[in-house]
Amino acid sequence: AMKAIQYIEEAGYEVIVFHAVGSGGRAMEQMMKEGIIGAVFDYAMGEIADDVWKVLRAGGPERLTVAGKLGLPQVLVPGGAEHLGILVPPNEVPEEYKDHKIVFHSPVVFVPRLNVEEIQRVADDICQRLQHTKDKAYFMIPGLGVGRYSYPGGVLEDKESDRAFFDRLKAGLPKNIEVIERELTAEDPVFVKECVDKLIELIESR
């Protein structure tokens, strides 16, 4: 995010940052409707994953729909959508996740990695929300991992789940959303720069 802010500001645009914790996504969507935001660099979709399960970062039913309905330029990256954030008693693993790869983001924020079936549900939900997109957009896929926990060697690395996620997204996204896949991590500056360049291309082609 810090790199993206730098690149966007260097191109002459003002940046408003929202944390992907549920309330942040809802505030962003509201400011789009109010005409304050003119283009969207949507880099984190953990709010969608958590909304499917109604847990910590849930972004609500409008999340990921407003920019498309309004025709705003948007570049999309499914950052953080490979896991959930669940509030738990300190260091307690819920019974239903004891067969998952897990990590604790903090003693009370439990993070399970989504398996193949679960992550396909997230992909389907993302694709359904993006059916509202009426203009061209870019969906950028970082093939080496959508979040730091699941990068190569990370505690939540799961290549089978990654592939199921990416394949389902590519099959279900509307045709006006161009999918670009790169064998980089979501935080690689090269990947971030290409994402920003695509957003600026959309803005300046209007």
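One structure accompanies this document, and this report is about it. Note that this is a predicted model, so its numbers are computed, not measured. (Residues numbered from 1 in each chain as written. Predicted model: local features only at pLDDT ≥ 70, side-chain atom pairs only at ≥ 80, totals over all residues. Heavy atoms only, no water.)

## Focus on the overall build of the protein chain
Thinking step 1. Along the protein chain, the regular secondary structure elements total 7 helices and 7 strands.
Thinking step 2. Ordered by position in the sequence, the α and β elements of the protein chain form the string α-α-β-α-α-β-β-β-β-α-β-α-β-α.
Thinking step 3. Its C-alpha radius of gyration of 16 Å places the protein chain within 12% of the 17 Å reference for a compact globule of 206 residues.
Thinking step 4. Burial statistics for the protein chain: of 206 residues in total, 50% are counted as buried.
Thinking step 5. About 9,600 Å² of surface is accessible on the protein chain, with carbon and sulfur atoms providing 53% of the total.
Thinking step 6. Charged side chains of the protein chain number 24 positive and 34 negative; the gap between the two group centres comes to 3 Å. (Helix = DSSP H or I, 4+ residues; strand = E, 2+ residues; numbered from the N terminus. Rg over C-alpha atoms; globule rule 2.2 N^0.38 Å. Buried < 20%, exposed > 50% of the residue type's maximum accessible area, 1.4 Å probe, protein only. Areas by Shrake-Rupley, 256 points an atom, 1.4 Å probe, with all protein chains shown as cover. Lys, Arg positive; Asp, Glu negative; His and termini not counted. Charge placed at Lys NZ, Arg CZ, Asp CG, Glu CD.)

## Description of the pattern of salt bridges
Thinking step 1. Applying the stated criterion across every chain yields a total of 21 salt bridges.
Thinking step 2. When the shortest N-O distance is used, the salt bridge between Arg63 and Asp42 registers 2.8 Å. In this pair, Arg63 sits in the loop between helix H3 (46-53) and helix H4 (66-70) while Asp42 sits in strand E1 (residues 40-44), placing the two residues 21 residues apart along the sequence. Each member of the pair, Arg63 as well as Asp42, is classed as buried.
Thinking step 3. When the shortest N-O distance is used, the salt bridge between Lys193 and Asp197 registers 2.9 Å. Here the residue Lys193 and the residue Asp197 both occupy positions in helix H7 (residues 189-204), the gap between them amounting to 4 residues, near one helical turn.
Thinking step 4. Residue classification places Asp197 among the partly exposed residues on the basis of a relative accessible area of 36%.
Thinking step 5. What you see here is one network of salt bridges that share partners, running through Glu29, Asp42, Glu47 and Arg63. (Salt bridge = Lys/Arg side-chain N within 4 Å of Asp/Glu carboxyl O.)

## Some remarks on H3
Thinking step 1. Judged by how many residues are buried, H3 sits mostly within the fold: 7 of 8 residues are covered.
Thinking step 2. Residues of H3 that are buried: Gly46, Glu47, Ile48, Ala49, Asp50, Asp51 and Val52.
Thinking step 3. Along its buried surface, H3 packs onto helix H2 (23-33), E1, strand E2 (74-79) and helix H5 (116-129).
Thinking step 4. Within two residues after H3, Lys54 carries a phi angle of roughly 55°, on the positive side. (Contact = heavy atoms within 4.5 Å.)

## Some points on the packing of aromatic side chains
Ring pairs (aromatic) are described by centroid distance and by the angle formed between their planes.
Thinking step 1. Under the definition given, this model contains 5 aromatic pairs.
Thinking step 2. Consider the rings of Tyr43 and Phe191, whose centres lie 6.5 Å apart with planes at 65°: the pair is edge-to-face. Of the two residues, Tyr43 is situated in strand E1 and Phe191 in helix H7; the sequence distance between them amounts to 148 residues.
Thinking step 3. Its relative accessible area of 0% is what places Phe191 among the buried residues.
Thinking step 4. Ring geometry for Tyr97 against Phe110: centres 5.9 Å apart, planes inclined by 55°, an arrangement best described as tilted. Residue Tyr97 is located in the loop between strand E3 (86-87) and strand E4 (102-106), and its partner Phe110 is located in strand E5 (residues 109-112); the two are separated by 13 residues in the primary sequence.
Thinking step 5. With a relative accessible area of 7%, Tyr97 lands in the buried category.
Thinking step 6. Of the residues examined, Phe110 reaches a relative accessible area of 0% and is grouped as buried.
Thinking step 7. Among the aromatic side chains, those forming a connected cluster through ring pairs are Phe41, Tyr43 and Phe191. (Phe/Tyr/Trp six-rings, centres within 6.5 Å; stacked < 30°, edge-to-face > 60°.)

## Some details on a nonpolar patch on the surface
Thinking step 1. A contiguous nonpolar patch, built from Leu56, Leu87 and Val108 and spanning about 250 Å² of accessible area, is present on the exposed surface.
Thinking step 2. With respect to the helices and strands, the residue Val108 is situated in the loop between E4 and E5.
Thinking step 3. Val108 gets classed as partly exposed once you look at its relative accessible area, which sits at 33%. (Patch = residues over 30% accessible without salt bridge, like charges linked within 9 Å, V, L, I, M, F, W, Y side chains within 5 Å.)

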